[in-house]
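# Report on the structure
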Amino acid sequence: MVATAQRFCELHPDVTIQWQVRSLQEFADFPIERLAESFDLLVIDHPFCGYAAAHDTLLPLDEWLPAEFLDDQARHAVGKSHDSYCYGGHQWALAIDAATPIAGWRPDLLAKAPGTWTELIDLAKFGLVAVPAIPIDSLMHFYMLCGALGEDPFSQPGHFVRKEIGVEALRMLRELVSLCDPRCLGRNPIRTWELLASNDTVAYCPFAYGYSNYCRRGYADHILRVGGLIFLDNGRPCRSTLGGTGLAISSGCKEKVIAASYTQFVASSECQTTLYFDSGGQPGYREAWLSQEVNRRSNNFFADTLSTLDAAYLRPRFEGYMHFQEQGGLIVQQYLKNCGSEVAAFGALEHLAAHSESVHHSVSQ
């Protein structure tokens, strides 16, 4: 984003754009309304769109950007990335980055990645598996396993997920995490990929939000290989939870025309396939994922994970969902830490989901 701002300001000498960095955890759960009070431009996570649709926080981009540009963004989206920022009849951000949990491994340590849950557990028993298990990622893994077992969470209004599926998903996740280094409970995806790329103690990560940097020459000690997710023993594929980032404009921005022009510049095909990727970004524009040059320079990261992105599960975006995500992740992680009852943990999640849905203001999609 610093590189795109620099170039945009070179093209518009009367404009100055300065980016301020926040942590990965703050990106996931820091209140968007507080950020919008201080910043004109924001990089956001799509579950915040429910709040934006109910409150005057973000600028509806469909009222400020050309319809043909937004149509092009929709046609060239990676999976549901573009749609994830459309809620309540408005487009609240542009999908400048696309990501979902993928598998990654060290080809010098592991000749073949596991293909099934049983093979993954067998590899984990040798201490060769790492998985990020901080609260937010533990919850995303739970979502993934629920889907593979037969039902996505929040698939129907007023319904979380069937008890037998939720309980089994928790049990399976604890089985895996218990075979990993306990320090995984304190690692986010970046720290997990960093461990895999710089340390010979582990060889495989079955699911963590992908970062193409670790597949680029010169970024870390070892270049990683990446691919799709394993299948459960029931024959169903795991389907991870969509992440990525969206570029939004605060409703309080005084230079709305300039801000809109900048968002269009960053999300454009030309920027996404060149400057954005060249500067370390992971584009949200599909053309970049199909580019032979982009894939050549990233050890085929994009081509090898595109199908996983296209299949990714879209999280809820109703106004009360962020409360569930923040507290639900803590429930799952505490269950993993303390080896408690999966029935009790599921009951707490189900109660939290019902409370979170009941307090939100209904917004039509």
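No experiment lies behind these values; they were computed from the predicted model shown.

### Brief notes about the sheet that holds strand β4 (residues 94-97)
Sheet architecture is open: 3 strands sit in the order β1-β8-β4, paired in antiparallel fashion. Strands at the two margins of the open sheet, each flanked by one partner only, are β1 (41-44) and β4. Across the sheet, the axes of successive neighbouring strands diverge by a mean angle of 35°, strand direction being ignored. Two elements, β4 and strand β8 (residues 245-249), share 3 bridges in a ladder whose sense is antiparallel. Its bridge partner lying in β8, L94 is registered against L247. Relative to β8, helix α10 (residues 256-267) is tilted by about 160°, and along the sheet it contacts β1, β4 and β8.

### Examining the packing of helix α6 (residues 117-124) against helix α8 (residues 163-178)
It is at 9 Å that the axes of α6 and α8 come closest, and there the two elements cross at 30°. In terms of orientation, α6 lies roughly parallel with respect to α8. Here α6 contributes W117, L120, I121 and A124 to the contact with α8, which in turn contributes M172, E175 and L176. Along the lines of polarity and charge, the residues of the contact of α6 with α8 split into 6 nonpolar, no polar and 1 charged.

### Quick look at the nonpolar core
The biggest cluster of nonpolar side chains holds 71 residues, and the ones touching the most others in it are W117, F142 and F324. For this core, the leading source of residues is helix α7 (residues 135-149), giving 9 residues. Setting aside anything within four residues of it in sequence, one finds F324 in contact with L139, Y143, F154, F160, G329, L349, L352, A353 and S356.

### Here's the deal with the confidence of the model for the protein chain
Taken over all residues, the pLDDT of the protein chain has a mean of 94, while the share at 70 or more is 97%. The low-confidence segment residues 361-365, where pLDDT is below 50, has 10 contacts with residues more than four positions distant or belonging to other chains.

### Section: the packing of aromatic side chains
Per the stated rule, a full pass over the model turns up 19 aromatic pairs. Taken together, a centroid distance of 6.4 Å and an interplanar angle of 50° make the contact between F142 and Y143 tilted. The same class applies to F142 and to Y143, which are both buried. Joined through ring pairs, the aromatic side chains of F142, Y143, F154, F160, Y313, F318, Y321, F324 and F346 make up one cluster.

### Considerations on the pattern of salt bridges
All told, the structure shown has 16 salt bridges when counted by the stated rule. A salt bridge links R162 to E164; the nearest nitrogen and oxygen atoms lie 3.1 Å apart. On the basis of relative accessibility, which here comes to 37%, the residue R162 falls in the partly exposed class. E164 sits in the exposed class, given a relative accessible area of 52%.

What counts, and where the lines are drawn
Residues numbered from 1 in each chain as written. Predicted model: local features only at pLDDT ≥ 70, side-chain atom pairs only at ≥ 80, totals over all residues. Heavy atoms only, no water. Pairing = 2+ DSSP bridges. Helix = DSSP H or I, 4+ residues; strand = E, 2+ residues; numbered from the N terminus. Axes fitted to C-alpha atoms, helices over the stretch in contact; angles between N-to-C directions. Contact = heavy atoms within 4.5 Å. Parallel < 35°, antiparallel > 145°, perpendicular 65-115°, else oblique. Nonpolar A, V, L, I, M, F, W, Y, C, P; charged D, E, K, R; others polar. Core = buried A, V, L, I, M, F, W, Y, C linked by side-chain atoms within 4.5 Å. Buried < 20%, exposed > 50% of the residue type's maximum accessible area, 1.4 Å probe, protein only. pLDDT = per-residue confidence, 0-100. Phe/Tyr/Trp six-rings, centres within 6.5 Å; stacked < 30°, edge-to-face > 60°. Salt bridge = Lys/Arg side-chain N within 4 Å of Asp/Glu carboxyl O.

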